[in-house]
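Observations on the model geometry
Chain by chain, the residues run as shown.
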Amino acid sequence: MFLTISTTGTPERPATDLGYLLHKHPDNAQTFSTSYGIAHVLYPEASDERCTAALLLEVDAVALVRRGKGKGRGGAPDAALAQYVNDRPYAASSLLAVALSAVFSSAMKGQCRAKPELTGQARPLRIEVPALPARGGADLVRTLFEPLGWTVTAEPVALDAEFPEWGDSRYVRLVLESETLTLAEALRHLYVLLPVLDDAKHYWVAPDEVDKLLRAGEGWLPAHPEQKLITSRYLSRRWSLTRQAMERLELVRLAEADDSDVEEIDNAVEDETETEPEEKPTSLNVLRREAIVAALKASGATRVLDLGCGQGQLVQALLKDPAFTEIVGVDVSMRALTIASRRLKLDRMGERLASRVQLLQGSLAYTDKRLKGYDAAVLCEVVEHLDLSRLPALEYAVFGAARPRTVLVTTPNVEYNVRWESLPAGHSRHSDHRFEWTRAEFRAWAGAVAERHGYEAEFEPVGPDDPAVGPPTQMAVFTMRTGNTDRTTDKPADEVVKEKEANAA
Ligand code: SAH
């Protein structure tokens, strides 16, 4: 079971730098003991022009079985012969991935004490795995590696070279080539994707596998079009772990847009707009946007406010539909608006498109003349970011003063939180949530708001509607009653807000 990693170079940028990057000197053959057998690292060739490192793993089939049992995975007590006589020792597989991370751990993290300047540099790389078990065949191999910047050669290996009529085995000979990746990136791709292709990772799927996956997937997995397949296979299709990982990947995506500096945000936005939405797993964010767009269309709205628009994802989705002729994103956070304007590429947008969109800074706790006269307003995951005591002010600013015909409000359904396994009991989904409502609490609030301001409220689930705890997101669709009477508009707006604030204090 082995793989080779090759690079080319010049006297100024010698190929033997590979030795520094891997922390293994090209002149030595080295041996390491890993949990599943002995790993050897040696260099079949090492010159300025070409350098190849080979990793060979001699799997100890007996140790493998013992370890499997020792970890309490309930290996057959009768130690079936199949456990000893299988392809593990011969095929590159999950075990090779484990050996990779054990033997090249610094390289995988992108650390190189001797020549730190090398680690961030892409270099020509060629990786060959002569016998890779690949469930899903050569096509899946390409689907997994090509989006990461690899040129992929995956040839099916015949079951028996002398009997071609027997057809192909489940192995492929894999060659990956790239000029644009760093060695650390390459190793992290292999570490995750070898076991994914092997799809027989029986021995060590423990909860900390989610952490390992996310660490190794940093920088590439959150944007990979096959993220769901990768996550689910890597975690041996353990659904609870997979879901946990998918949720955390979603948080990574959000955090990336939140915390990184502007240039990184640019890249993230770039990446996001390049991927077709249908290639991505349907996250709750996507479902929410779909539900909102559908409800807006059903209401016949064309001029729409996105209140608390955040980083502009909904504005972006609405812009794609020409039915929405005017879209105004409002947020109190300048930072969020800056990101939104980059996402939308407002400064480079053609005039026609630009005439349909506006971003405004403003607080929803105050009445705002600019928000009057629109068909619909959306509050997508916003109300829970305000202190309960500020909610009457928002209610007045939206339903009392701006008064669009339709208002959509989405908010988490706290009852569903027990279904998010990564969420410790009693914690809310986001550190900035001031509260999270049950379905009954949301309905009580929305019903009272509708009553006070002359609207009708209807409720829709967003996401899977769990029979016991309901959907993850709840949405209220407020429609203004015809000939409505707004019980609060007989007073000047600012006075009402002041009064409400005084009451709340
Ligand atoms: N609607 C977006 C963002 C939700 S996060 C989405 O679904 O992705 C909540 C947003 O509300 C944040 O961007 C926050 O800045 C904004 N927000 C919170 N309080 C606000 C207020 N008083 N006025 C305007 N925006 C507010």
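Things to note about the packing of helix H6 (residues 183–198) against helix H8 (residues 227–234)
- Relative to each other, H6 and H8 sit at 75°, their axes nearing to 9 Å. It follows that H6 is roughly perpendicular to H8 by the angle criterion. Across the interface between the two elements, Tyr191, Val192, Leu193, Pro195, Val196 and Leu197 from H6 touch Leu229, Ile230, Arg233 and Tyr234 from H8.
- Partitioning the contact of H6 with H8 into residue classes produces 9 nonpolar, no polar and 1 charged.

Regarding the environment of Ala134
- Within the secondary structure layout, Ala134 lies in the loop between strand E5 (125–133) and helix H5 (137–145).
- With sequence-adjacent residues up to four places away left out, Ala134 is seen in contact with Val141, Arg170, Val172 and Leu197.

A short note on the sheet that holds strand E3 (residues 37–46)
- Read across the open sheet, the 7 strands follow the order E2-E3-E4-E1-E5-E7-E6; overall the sheet is antiparallel. The sheet is open, and its two edges are formed by strand E2 (30–34) and strand E6 (151–158), each paired on a single side. Averaged over all pairs of adjacent strands, the angle between strand axes in this sheet comes to 15°, irrespective of strand direction.
- Where E6 meets strand E7 (residues 168–178), 7 bridges bridge the pair, whose relative direction is antiparallel. The residue of E7 that forms the bridge with Thr153 is Val175.
- Helix H3 (residues 94–103) rests against strand E1 (2–8), E2, E3 and strand E4 (50–59) of the sheet, and its axis sits at about 120° to E4.
- Where H5 meets the sheet, it contacts E6 and E7, and its direction lies at approximately 160° from that of E6.

Remarks on the side chain of Arg233
- Within the element layout of this structure, Arg233 appears in helix H8.
- On the basis of relative accessibility, which here comes to 8%, the residue Arg233 falls in the buried class.
- Among the polar contacts made by the side chain of Arg233, one reaches the main-chain carbonyl oxygen of Val196 at a distance of 3.0 Å.
- The residues contacting Arg233, other than those within four sequence positions of it, are Arg135, Leu140, Val196, Leu197 and Asp199.

Quick notes on the rules
- Residues numbered from 1 in each chain as written.
- Predicted model: local features only at pLDDT ≥ 70, side-chain atom pairs only at ≥ 80, totals over all residues.
- Heavy atoms only, no water.
- Axes fitted to C-alpha atoms, helices over the stretch in contact; angles between N-to-C directions.
- Helix = DSSP H or I, 4+ residues; strand = E, 2+ residues; numbered from the N terminus.
- Parallel < 35°, antiparallel > 145°, perpendicular 65-115°, else oblique.
- Contact = heavy atoms within 4.5 Å.
- Nonpolar A, V, L, I, M, F, W, Y, C, P; charged D, E, K, R; others polar.
- Pairing = 2+ DSSP bridges.
- Buried < 20%, exposed > 50% of the residue type's maximum accessible area, 1.4 Å probe, protein only.
- Polar contact = N/O pair within 3.5 Å; in protein donor to acceptor, adjacent residues only side chain to side chain.

It is worth stressing that arrangement in space is one thing and function is another; only the former is reported here.
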